[in-house]
Amino acid sequence: MKIKKFLLILFFYILAFANSHSIEPDVFVQSTVNRASNVLSKDISKEEKINELKVIAKETVDIRGVGFYSLGSARKNLDQNQKIRYSKLFESYFLKSFSSRLAEYTNPEIEVLGKEVLNKNYTIVNSLLIGTSDRPEVKIDWRIYTKNSDNPLIRDLIIEGLSLARTQKEEFSSILNSNDGDINVLFKTLKEFSNN
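Just so it is clear, the structure is predicted and the values come from calculations on it, not from any experiment.

Enquirer: Residues and numbers for the overall build of the protein, please.
Expert: When helices and strands are tallied, the protein shows 7 helices and 5 strands. Within the protein, the fraction of its 196 residues that count as buried is 35%. Counted over contacts in the protein with a minimum sequence separation of 6, partners at least 24 positions apart contribute 52%. Carbon and sulfur atoms form 53% of the exposed surface of the protein, whose accessible area is close to 12500 Å².

Enquirer: Please give an account of the pairing of strand β1 (residues 110–117) that cites residues and values.
Expert: Relative to strand β2 (residues 122–129), β1 runs antiparallel, the two being bridged by 7 bridges. Across the sheet, residue E111 finds its bridge partner in β2, namely L128. Here β1 hands over to β2 after 4 residues, the two strands then running antiparallel side by side.

Enquirer: For the sheet that holds β2, give the residues involved together with the corresponding values.
Expert: If you trace the 5 strands from one edge of the open sheet to the other, you get β1-β2-β3-β4-β5, paired in antiparallel fashion. Pairing within the sheet leaves two strands with one partner each, and these edge strands are β1 and β5 (162–163). In this structure, strand β3 (residues 138–145) lies alongside strand β4 (residues 153–159), joined through 6 bridges in antiparallel fashion. Bridged to D141 within β4 is I158.

Enquirer: Go over unusual backbone geometry, please, and point to the residues and values.
Expert: The residue E160 is not glycine, and still its phi comes out positive at about 50°. Among the structural elements, E160 can be located in the loop between β4 and β5.

Enquirer: Lay out the side chain of T146 in plain terms, naming residues and giving numbers.
Expert: Examined against the element boundaries, T146 turns out to sit in the loop between β3 and β4. A polar contact is formed between the side chain of T146 and the backbone nitrogen of Y122, at a distance of 3.4 Å.

Enquirer: Talk me through the confidence of the model for the protein; I want residue IDs and the actual numbers.
Expert: Per-residue confidence for the protein gives a mean pLDDT of 86, with 88% of residues at or over 70. The secondary-structure element of the protein with the lowest mean pLDDT is helix α1 (residues 2–19), recorded at 43, while helix α4 (residues 63–71) shows the highest, at 95. Overall, residues 4–20 carries pLDDT values under 50, and its contacts beyond four positions in sequence, including any with other chains, amount to 2 contacts.

Enquirer: Can you lay out the nonpolar core for me, pointing to particular residues and giving the numbers?
Expert: V29, L71, Y86, F90, W142 and L186 are the most contacted members of the largest nonpolar core, which has 32 residues in total. Within the residue set of this core, elements represented by two or more residues are α2 (25–40), α4, α5 (80–102), β1, β2, β3, α6 (164–177) and α7 (183–195). A total of 6 residues in this core trace back to one element, the largest contributor, which is α5. Ignoring sequence-local partners within four residues, the contact set of L186 consists of L71, Y86, F172, I175 and L176. Listed in part, the 7 residues of the second largest apolar core include A36, L40, I50 and I56.

Enquirer: Can you break down α5 residue by residue, with the values?
Expert: The first and last C-alpha atoms of α5 sit 33 Å apart over 23 residues, in line with the 33 Å expected at 1.5 Å per residue. The set of residues buried in α5 consists of Y86, L89, F90, Y93, F94, L95, S97 and S99. Looking at the buried residues of α5, the elements they touch are α3 (46–60), α4, α6 and α7. For α5, the capping residue at the N-terminal end is D79, with a side-chain oxygen 3.1 Å from the backbone nitrogen of N81.

Enquirer: Break down the pairing of β3 for me, citing the residues and quoting the values.
Expert: Here is the key point about a regular strand: its side chains alternate between the two faces of the sheet. With respect to burial, β3 is a largely interior element, 6 of its 8 residues being buried. Relative to β3, β2 runs antiparallel, the two being bridged by 8 bridges. Counted as the bridge partner of V125 is W142 from β3.

Enquirer: Which residues make up the side chain of S163, and what values go with them?
Expert: Summarising the element assignment, S163 is placed in strand β5. Judged by its relative accessible area of 7%, S163 is buried. At 2.6 Å, the side chain of S163 and the side chain of D156 are in polar contact. Not counting the four nearest positions on each side in its chain, S163 is found in contact with D156, L157 and I158.

Each value, and the rule that gives it
Residues numbered from 1 in each chain as written. Predicted model: local features only at pLDDT ≥ 70, side-chain atom pairs only at ≥ 80, totals over all residues. Heavy atoms only, no water. Helix = DSSP H or I, 4+ residues; strand = E, 2+ residues; numbered from the N terminus. Buried < 20%, exposed > 50% of the residue type's maximum accessible area, 1.4 Å probe, protein only. Contact = heavy atoms within 4.5 Å. Areas by Shrake-Rupley, 256 points an atom, 1.4 Å probe, with all protein chains shown as cover. Pairing = 2+ DSSP bridges. Polar contact = N/O pair within 3.5 Å; in protein donor to acceptor, adjacent residues only side chain to side chain. pLDDT = per-residue confidence, 0-100. Core = buried A, V, L, I, M, F, W, Y, C linked by side-chain atoms within 4.5 Å. Expected span 1.5 Å × (residues − 1).

Below, the structure written as structure tokens:
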């Protein structure tokens, strides 16, 4: 009876210990990059690569967080149904945009150089896309959301000093400003992009 109790305690201890390890943001980025690189170096169709890259993005990017940041102050004017609709449309838009762009690369080699902890919620991971005869090297900084240290998520990519999330926010703001703040015009734009 004592042995059973001991084994039970040991089992729960191992389970708790296994789940208590936080993932360092730089290790998370290198792991994510390696996964994407493996997909891109596979001898499969572009469509298959896109589908596999979408899976990686869903697991590693805070798509909802990026989406509402991109909406800016306009998000305050949305009711619950509009927020749900926007989240779905943005996810489709983001996954298509992200995966189709990335699928153009053949086996990109990214080297993680270091990290800077901004606060308990955010760490910047510095990396370099290694240059080739076809393309120059590119400096890429990853803004990693670390509130849950067991599940870090990508919130932004800063490529050569240009924030992709901020650029996205400016694009959406321009669409809304040109259409008297009509959220349905943005919904239509996102839907059309995803369906093309």
